[in-house]
Amino acid sequence: MIYTTTLNPSIDYIVKVLNFKEGETNRSHYEMKIPGGKGIMVSKLLNNLGINSHNIGFVGGFTGDFIEKSLKEIGIGTDFTKIKDDSRINVKLKTKIETEINAKGPKIRPEEENDFFGKIKNIKEDDLVVLSGSIPNSLSNDFYERIVVELNKKNIQFIIDTTGKKLLRVLKYKPFLIKPNKKELEDLFDVEVNSLEEIIIYGKKLLDLGAKNVIVSLGAQGAVFVNKFMSIYAPAIKGKLVNSVGAGDSMVGGFIFGIENELSVEESFKWAVASGTATAFSEDIGSRKFIEEMYSKVTLIKK
Ligand SMILES: Nc1ncnc2c1ncn2[C@@H]1O[C@H](COP(=O)(O)OP(=O)(O)OP(=O)(O)O)[C@@H](O)[C@H]1O
Ligand SMILES: O=P(O)(O)OC[C@@]1(O)O[C@H](CO)[C@@H](O)[C@@H]1O
């Protein structure tokens, strides 16, 4: 079983305003409410590609009910820990550019934490766990590390997509995959990277710190893959950006799709790029048909 973990799920409130004017009453052109949070987005992508996964994490209140119900409606399994506070609402404002306001998230109580760890302890040796996104403010910064320590006791493989110290402190537990974007890579090492060569150098530093496979996503510039055997660049596919929210999570989902189908890491990286692109060019997570269309356009350049 694949478990996707979203500690801080959200309702993503996507609102498009054509001639946005700061400080005035603007009327929206369209709006949409979707279940969000990085682990949930990975599950939605996997679901589109016909792969089952189970969502864990914390949900609460009317917002939590919406998140859970929406996932159930599309056939995604959930086993969330129920909390007293409301899950957050994240605003994705689309004007000429995309602006996001991600809320800090609800308070998690000690008994809710215990319930969650009970679920982590039930995960089996041959399961795969995806850990994605921010941690609600009330949880300690080492929360991911505490999860990973439990997983490590049974040698359970995990993928982690988070930022800063939360990521750095779990690298020694050898994540199967990490997926920083360019900005996150720069922040990790407190540097500015200006070329593919530099991205590969810092990607390799993440391998030295323990990651087994690294994808660095570069938005409209494509993506880089490194592991100890190879470095590959995938230029971006040309097209119209519709919605970048979830593009990175779709890459993670696409890579898992390849691995679950016992494809090589190069092939899995191709599915990752196709999935990220399909989502970037769609209103929500890319459909299977569109991902397949994008897949036929992916080129890989060995570096
Ligand atoms: N404008 C674009 N044109 C072509 N491909 C894109 C574009 N935006 C994203 N992609 C594809 O999707 C991948 C993931 O996008 P991106 O680097 O924006 O992820 P991210 O920063 O993790 O996004 P998010 O956190 O919003 O999910 C890119 O590596 C690229 O392959
Ligand atoms: O605040 P976090 O947890 O870092 O990111 C949350 C989020 O921006 O990530 C997803 C897209 O990747 C969205 O569905 C969600 O709103």
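Under an unreviewed UniProt entry, the name given to the protein chain is 1-phosphofructokinase, and the source organism is Miniphocaeibacter halophilus.

Novice: Please give an account of the domain arrangement of the protein chain that cites residues and values.
Specialist: Considered domain by domain, the protein chain is made up of domain 1 (1–20 + 30–175) and domain 2 (178–303). Each of domain 1 and domain 2 has a C-alpha centre, and the two are 20 Å apart. With 28 residues of domain 1 in contact, the opposing surface of domain 2 contributes 29 residues. Counting residues per element, the ones that place at least two in the side of domain 1 that touches domain 2 are helix 1 (38–48), strand 9 (128–132), strand 10 (157–161) and helix 5 (164–168). With 7 residues, helix 1 is the largest single contributor of residues to the side of domain 1 that touches domain 2. Here the side of domain 1 that touches domain 2 is composed, by residue class, of 16 nonpolar, 4 polar and 8 charged.

Novice: Describe the sheet that holds strand 8 (residues 98–101), with residues and values.
Specialist: Across the sheet, 4 strands lie side by side as 3-2-7-8; this open sheet has mixed pairing. Of all the strands in the sheet, the pair left with one neighbour each is strand 3 (30–36) and strand 8. On average, each strand axis in the sheet is tilted by 20 degrees relative to the strand beside it, whichever way the strands run. Both strand 7 (residues 88–94) and strand 8 contribute to a ladder of 4 bridges, which runs antiparallel. Paired with Lys94 across the two strands is Glu98, which belongs to strand 8.

Novice: Provide a residue-level description of the site of ligand 2, including the pertinent values.
Specialist: Taken together, 15 residues form the shell around ligand 2, and within it Gly36, Asn90, Asn102, Gly133 and Ser134 come nearest. The residue inventory of the shell around ligand 2, partitioned by class, reads 2 nonpolar, 10 polar and 3 charged. Of the residues that make up the shell around ligand 2, three or more belong to each of domain 1 (1–20 + 30–175) and domain 2 (178–303).

Novice: Give me the confidence of the model for the protein chain: which residues, what numbers.
Specialist: On average, the protein chain scores 97 in pLDDT, and the residues at 70 or more come to 100%. Here the predicted complex carries an ipTM of 0.97, next to a pTM of 0.96.

Novice: An account of the packing of helix 9 (residues 265–280) against helix 10 (residues 288–295) is needed here, citing residue identities and associated values.
Specialist: Contact pair helix 9 / helix 10: the axes reach a minimum separation of 8 Å and the direction vectors enclose 120 degrees. One way to sum up the angle between helix 9 and helix 10 is to call them oblique. Both helix 9 and helix 10 take part in a crossing whose hand is right-handed. In this structure, helix 9 uses Lys270, Trp271, Ala274, Ser275, Thr277 and Ala278 to contact helix 10, whose residues at the interface are Phe290, Ile291, Met294 and Tyr295. Of the residues contributing to the contact of helix 9 with helix 10, the split by class is 7 nonpolar, 2 polar and 1 charged.

Novice: Residue-level account of the site of ligand 1, with values.
Specialist: Looking at ligand 1, there are 21 residues lining it, with Asn181, Ser217, Ala247, Gly248 and Gly276 nearest. Counting residues per element, the ones that place at least two in the shell around ligand 1 are helix 8 (247–260) and helix 9. Considered class by class, the residues forming the shell around ligand 1 number 11 nonpolar, 9 polar and 1 charged.

Novice: Could you give an account of helix 1, naming the residues involved and the relevant values?
Specialist: Judged by how many residues are buried, helix 1 sits mostly within the fold: 10 of 11 residues are covered. Three or more residues of helix 1 are buried, namely Lys38, Gly39, Ile40, Met41, Val42, Ser43, Lys44, Leu45, Leu46 and Asn48. Looking at the residues trailing helix 1, positive phi occurs at Gly50, about 80 degrees.

Novice: Got a sec to walk through the nonpolar core? Specific residues and values, please.
Specialist: Membership of the largest hydrophobic core comes to 75 residues, with the highest contact counts inside it found for Ile215, Ala223, Val224 and Phe255. Each of two domains, domain 1 (1–20 + 30–175) and domain 2 (178–303), supplies a minimum of three residues to this core. When neighbours within four sequence positions are excluded, Ala223 is seen to be in contact with Ile215, Val216, Ser217, Leu218, Ala234, Met251 and Val273.

Novice: Just give me the short version of unusual backbone geometry, but keep the residues and values in it.
Specialist: Backbone geometry at Asn155 places phi at a positive 55 degrees, although glycine is not the residue there. Of note, the phi angle at Glu262 is positive, near 55 degrees, even though the residue is not glycine. Checked against the element boundaries, Glu262 lands in the loop between helix 8 and helix 9.

Novice: Give a description of the packing of helix 1 against helix 8 that names residues and reports values.
Specialist: Where helix 1 meets helix 8, the closest approach of the two axes is 8 Å, and the angle between their N-to-C directions is 45 degrees. Here helix 1 lies oblique to helix 8, going by the angle between them. Crossing angle aside, the handedness with which helix 1 passes helix 8 is right-handed. Contact residues: Lys38, Met41, Val42, Leu45 and Leu46 in helix 1; Asp249, Ser250, Val252, Gly253, Gly254, Ile256 and Phe257 in helix 8.

Novice: Describe in detail the pairing of strand 2 (residues 10–16), supporting the description with residues and values.
Specialist: Here 7 bridges tie strand 2 to strand 3, and the two strands are oriented antiparallel to one another. Directly across from Tyr13, in strand 3, lies its bridge partner Lys33. Both strand 2 and strand 7 contribute to a ladder of 7 bridges, which runs parallel. Looking at the pairing, Ile11 lines up with Ile89 of strand 7.

Thresholds applied
Residues numbered from 1 in each chain as written. Chains lettered and ligands numbered in written order. Predicted model: local features only at pLDDT ≥ 70, side-chain atom pairs only at ≥ 80, totals over all residues. Domains from an automatic or database assignment. Contact = placed C-beta atoms within 7 Å. Helix = DSSP H or I, 4+ residues; strand = E, 2+ residues; numbered from the N terminus. Nonpolar A, V, L, I, M, F, W, Y, C, P; charged D, E, K, R; others polar. Pairing = 2+ DSSP bridges. Axes fitted to C-alpha atoms, helices over the stretch in contact; angles between N-to-C directions. Near = placed C-beta within 6 Å. pLDDT = per-residue confidence, 0-100. Parallel < 35°, antiparallel > 145°, perpendicular 65-115°, else oblique. Left-handed = near helix turned anticlockwise from the far one by under 90°. Buried ≥ 20, exposed ≤ 12 C-beta atoms within 10 Å, placed from the backbone. Core = buried A, V, L, I, M, F, W, Y, C linked by C-beta atoms within 7 Å.

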